[in-house]
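Examination of the molecular architecture
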Amino acid sequence: MKAELTLMGSFSAGDADPRLFGSFIEHIGRAVYTGIYEPGHPTADDCGFRKDVLALVKRLNVPIVRYPGGNFVSGYQWEDGTGPRELRPRRADLAWQTIETNEVGIDEFQEWAKRAGSEVMMAVNLGTRGPVEARDLVEYCNFRGGTQQSDRRIRNGFREPFGIRTWCLGNEMDGPWQICAKTAEEYGRAACEAAKMMKWADPSIELVACGSSYAGMPTFGKWETTVLEHTYDHIDYLSLHSYYGNRDGNTKDFLACSLDMDQFIRSVEAAADYVKALKRSKKTIMLSFDEWNVWFHSVEATAKIKPWSVAPPQNEDIYTFEDALVVGCLLITLLRHADRVKIACLAQLVNVIAPIMTEPGGRAWAQTIFYPFLDASRYGRGRVLSPALSCPTYESRYGDAPYVETVGVWNEEREELAILAVNRSLSEDVELSVDLRDFPGYLPKHRHVLSADDLKLTNTADRPENVFPKELPLPAVEDGKTTPVLPPHSWNVIIFGRR
Ligand code: AHR
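Anyway, here's the lowdown on the structure attached to this text. (Residues numbered from 1 in each chain as written. Predicted model: local features only at pLDDT ≥ 70, side-chain atom pairs only at ≥ 80, totals over all residues. Heavy atoms only, no water.)

What to know about the packing of helix H3 (residues 131–142) against helix H4 (residues 148–155)
Defined as follows: Angles run from 0 to 180 degrees between N-to-C directions of axes, and those axes are lines fitted to C-alpha atoms, restricted for helices to the stretch in contact. We count a stretch as a helix when DSSP gives it H or I for four or more residues in a row; a strand needs E for two or more, and each element gets its number in order from the N terminus. Orientation is classified from the angle alone, with under 35 degrees giving roughly parallel, over 145 giving roughly antiparallel, 65 to 115 giving roughly perpendicular, and any other angle giving oblique. For any helix crossing, the convention is left-handed if the near helix is rotated counterclockwise from the far helix by under a right angle, and right-handed if that rotation is clockwise. Two residues qualify as a contact provided that any one of their heavy atoms is within 4.5 Å of a heavy atom in the partner residue. Any residue that is not Ala, Val, Leu, Ile, Met, Phe, Trp, Tyr, Cys, Pro, Asp, Glu, Lys or Arg is counted as polar, Gly included; the first ten are nonpolar and the last four charged.
Running from amino to carboxyl end, H3 crosses H4 at an angle of 45 degrees, the nearest separation of the two axes being 7 Å. In terms of their interaxial angle, H3 and H4 are classed as oblique. Seen along the crossing, H3 lies across H4 with a hand that is right-handed. Along the contact surface, H3 presents Asp136, Glu139, Tyr140, Cys141 and Asn142, while H4 presents Gln148, Gln149, Ser150, Arg152 and Arg153. Its residues assigned to classes, the contact of H3 with H4 comprises 2 nonpolar, 4 polar and 4 charged.

This is how it looks when you write it as structure tokens:
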């Protein structure tokens, strides 16, 4: 099969915000306990954080991590995770039916994030709580001192404010599964008042309002416009969440699910701009895709876990090679919307639907989906070029899917042009002819591929490199064109630069 790609330096979707490569740690399953935190572990640091996990997180270079939920946040009392550990309550977490020991809370997590080289994206509880407690949390984290909450932080051993910049106004408040879910009117009003108080407490913060839990919600669209009508002047981002799975074993459809993400983003942009027009506003609401991933493998196993244990193995999807290809397509889609999607969080980061897995007391290892995320985070920082692609397509449940999903990212500072591409064909090579004439002097300098004969191949603690990137020979360049061959069902990274 043949495809043609032209990249022009001036046809761009804008600069990728580094926060596109964000992730998420929730108090659920083993994400925190025996995930990022395990005091007795041989690699534990002075705070009990696993250094083997920190090393993998640092490799992914995750600039922002959402915390502490997720569904968990809608019942969370943030004070529980601050101050002397011996005074912290054990609580029944109604969202995930577990016991939360509160050994780790905001005090510890901000320290973990610092060690991981990430900023915290803090979610406030707009389920069981409201604007006052949200304001108190901003005061605890960001006020210098001299108030009840900031002095409390100082007493807890943190003289310097945490300086948390990005805040989520609740989580999936439209979902009946959410603790104290709300109608769009109820949520819009609560979010507006919380936003005002939070920004009065710290005008430098940015706020994310909840969009729909996913595009299939019956209230999708109307939820967005109603919430924005209430909150438009006080918030900066609207959230999107989406998870995908190959439940019916149809790989061709599964590989095309990024078309659904693309359509979802376009619809939310349209809803936000409709409200912009109604309000005659000059401000544009940006998007925060703060939960996305593949999630379906572990659903049945998780349903069998008995309630009320501490840190049970919930939602531990073991990812296949096929899932890595889907994650690659989703990353490319997010990049292509860099003009509007400024934050995105791979949900989640450790053990729970995660690229990083741990054994309690044992090893930490990288799942298949680790690798496309690593590549996008490494090579996806720069100016996102709008790809002019001519490519055969196939019919999928999401519409006509091009066999090649691709994007170019130009990092002028590093003088590097990266092409990220998935070949969705299950049987054929694609000769991708790339027109580089707008980049004189740029030559191929690195190329690797993630491929496997078996689409269902997984990595495990014993065989963590079953699915692992492989370097390939560099393609030749002639008259400003180069034609790398993308193997069937593969994730490809081709880097050009001045050698
Ligand atoms: O990421 C797992 C869960 O998925 C989150 O808690 C929730 O927001 C979403 O439904």
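As for the packing of aromatic side chains
Heads up, the rule is: Aromatic rings from Phe, Tyr and Trp, with only the six-membered ring used for Trp, were paired whenever their centres fell within 6.5 Å, and each pair was classed as stacked if the ring planes differed by under 30 degrees, edge-to-face if by over 60, and tilted otherwise. Residue exposure (1.4 Å probe, protein chains only): buried if accessible area is under 20% of the type maximum, exposed if over 50%, otherwise partly exposed. Criterion for a charge above a ring: Lys NZ or Arg CZ within 6 Å of the ring centre, and within 35 degrees of the ring normal.
For the structure on display, the rule yields 18 aromatic pairs. Judged by centre distance (5.1 Å) and plane angle (85 degrees), the rings of Trp410 and Phe439 are edge-to-face. One end of the pair, Trp410, is in strand E19 (residues 404–411); the other, Phe439, is in the loop between strand E21 (430–435) and strand E22 (443–451), with 29 residues separating them in the sequence. In this pair, the class of Trp410 matches that of Phe439, namely buried. Among the aromatic side chains, those forming a connected cluster through ring pairs are Trp78, Tyr140, Phe158 and Phe162. In this structure, Arg66 packs its charged tip against the face of Phe24, placed 4.8 Å from the ring centre.

A closer look at the layout of surface pockets
Stated formally: Only protein atoms enter the 1 Å grid used here. Points where a 1.4 Å probe fits but cannot escape make up a cavity, open sets with protein on both sides within 12 Å along at least five of seven lines make up a pocket, and a residue lines them when an atom lies within 4 Å of a point. Grid points are joined across faces, edges and corners, and a volume is the space filled by probe spheres set on the points.
In this model, the largest pocket occupies a volume close to 590 Å³. Lining of the largest pocket is provided by 29 residues; of these, Ser213, Tyr214, Tyr243, Arg247 and Trp295 occupy positions nearest its centre. Of all the secondary-structure elements, those providing two or more residues to the lining of the largest pocket are strand E10 (237–244) and helix H9 (299–303). Among the elements that line the lining of the largest pocket, the one with the most residues is E10, at 4 residues.

Comments concerning the pattern of salt bridges
Filter applied, for reference: Within this document, salt bridges are pairs made up of a side-chain nitrogen of Lys or Arg and a carboxyl oxygen of Asp or Glu, the two lying within 4 Å of each other.
Per the stated rule, a full pass over the model turns up 34 salt bridges. With a closest N to O distance of 2.9 Å, Asp45 and Arg115 form a salt bridge. Linking Asp45 in the loop between strand E3 (22–24) and helix H1 (51–60) with Arg115 in helix H2 (residues 106–116), this pair joins segments that are 70 residues apart in sequence. Residue Glu405 pairs with Arg424 through a salt bridge whose shortest N-O separation is 2.4 Å. Within this pair, whereas Glu405 is found in strand E19, its partner Arg424 is found in the loop between strand E20 (416–423) and E21, the two being separated by 19 residues in sequence. The residues Glu405 and Arg424 share a single accessibility class, namely buried. Through salt bridges with shared partners, a single network forms among Asp45, Asp46, Glu111, Lys114 and Arg115.

A look at H2
In terms of residue burial, H2 counts as a mostly covered element, since 9 of its 11 residues are buried. Buried within H2 we find Ile106, Asp107, Glu108, Phe109, Gln110, Glu111, Trp112, Ala113 and Ala116. Tucked into the core, H2 has its buried residues touching H1, strand E4 (64–67), strand E7 (119–124) and H3. Count one or two residues on from H2 and you reach Gly117, which has phi positive near 75 degrees.

Observations concerning the sheet that holds strand E8 (residues 166–169)
As a reminder, the rule being used: The pairing criterion is simple: DSSP has to find at least two bridges between the two strands.
Sheet architecture is closed into a barrel: 8 strands sit in the order E3-E4-E7-E8-E9-E10-E11-E12, paired in parallel fashion. The mean inter-strand angle of the sheet, taken between neighbouring strand axes irrespective of direction, is 30 degrees. In terms of strand pairing, E7 meets E8 through 4 bridges, oriented parallel. The residue of E8 that forms the bridge with Met122 is Trp167. Its contacts with the sheet put helix H5 (residues 184–201) on E7, E8 and strand E9 (206–209), and the angle it makes with E8 is roughly 155 degrees.

Concerning the site of the ligand
Selection criterion: The near set for a molecule or strand comprises every residue that places at least one heavy atom within 4 Å of it. Whenever a nitrogen or oxygen atom comes within 3.5 Å of another N or O atom, the pair is scored as a polar contact, on the condition that within protein one atom can donate a hydrogen and the other can accept it, and that pairs from neighbouring residues in sequence are kept only if both atoms are in side chains. Surface accessibility follows the Shrake-Rupley procedure with a 1.4 Å probe radius. Residue values consider only the protein chains on display as shielding. Should more than half of a molecule's atoms lie within 2 Å of a pocket's or cavity's grid points, that molecule is taken to sit in it.
Around the ligand sit Phe24, Glu26, Gly70, Asn71, Trp96, Asn171, Glu172, Tyr243, Glu291, Trp295, Gln348 and Ile353, and that is every residue in its neighbourhood. The side chain of Glu26 places a nitrogen or oxygen atom 2.6 Å from an oxygen atom of the ligand. Between the ligand and the protein, one listed contact pairs an oxygen atom with a side-chain N or O atom of Glu172 at 2.7 Å. Relative to its free-state accessible area of 280 Å², the ligand is covered by the protein chains to the extent of 94%. According to the grid-proximity analysis, the pocket containing the ligand is the largest pocket. Classifying every residue of the shell around the ligand by side-chain character gives 5 nonpolar, 4 polar and 3 charged.

Re the nonpolar core
In plain terms, the rule: Throughout this description, the term nonpolar core refers to a set of buried Ala, Val, Leu, Ile, Met, Phe, Trp, Tyr and Cys residues connected via side-chain atoms within 4.5 Å.
Within the largest apolar cluster, 146 residues are counted, with the highest numbers of intra-cluster contacts made by Trp112, Trp167, Leu169 and Trp292. Counting residues per element, this core draws most heavily on helix H10 (residues 321–336), at 11 residues. Sequence-distant contacts of Trp167, defined by excluding residues within four places in its chain, comprise Met122, Val124, Leu137, Val138, Cys141, Asn142, Met198, Ile205, Glu206, Leu207 and Val208. Ile64, Cys168, Ile343 and Ala347 belong to the second largest nonpolar core, which has 11 residues in total.

Comments concerning the pairing of E9
Let me state the cut-off plainly: Place the viewer so that the strands point away; then a crossover is right-handed whenever the path from the first strand over the helix to the second strand goes clockwise.
Direction of pairing for E8 relative to E9: parallel, over a ladder of 4 bridges. The partner of Trp167 across the bridge, within E9, is Leu207. A crossover connection joins E8 to the parallel E9 through H5; in handedness this β-α-β unit is right-handed. As paired elements, E9 and E10 share 2 bridges and run parallel to each other. Note that in E10 the partner of Ala209 across the bridge is Leu238.

Comments concerning the environment of Phe24
As for its position among the elements, Phe24 is in strand E3. Looking at Phe24, the relative accessible area reads 0%, which means it is buried. Through-space distance from the C-alpha of Phe24 to that of Leu443 is 37 Å; in sequence the pair is 419 residues apart. If sequence neighbours within four positions are ignored, Phe24 has contacts with Val65, Arg66, Gly69, Gly70, Glu291, Cys345, Leu346, Ala347, Gln348 and Leu349.

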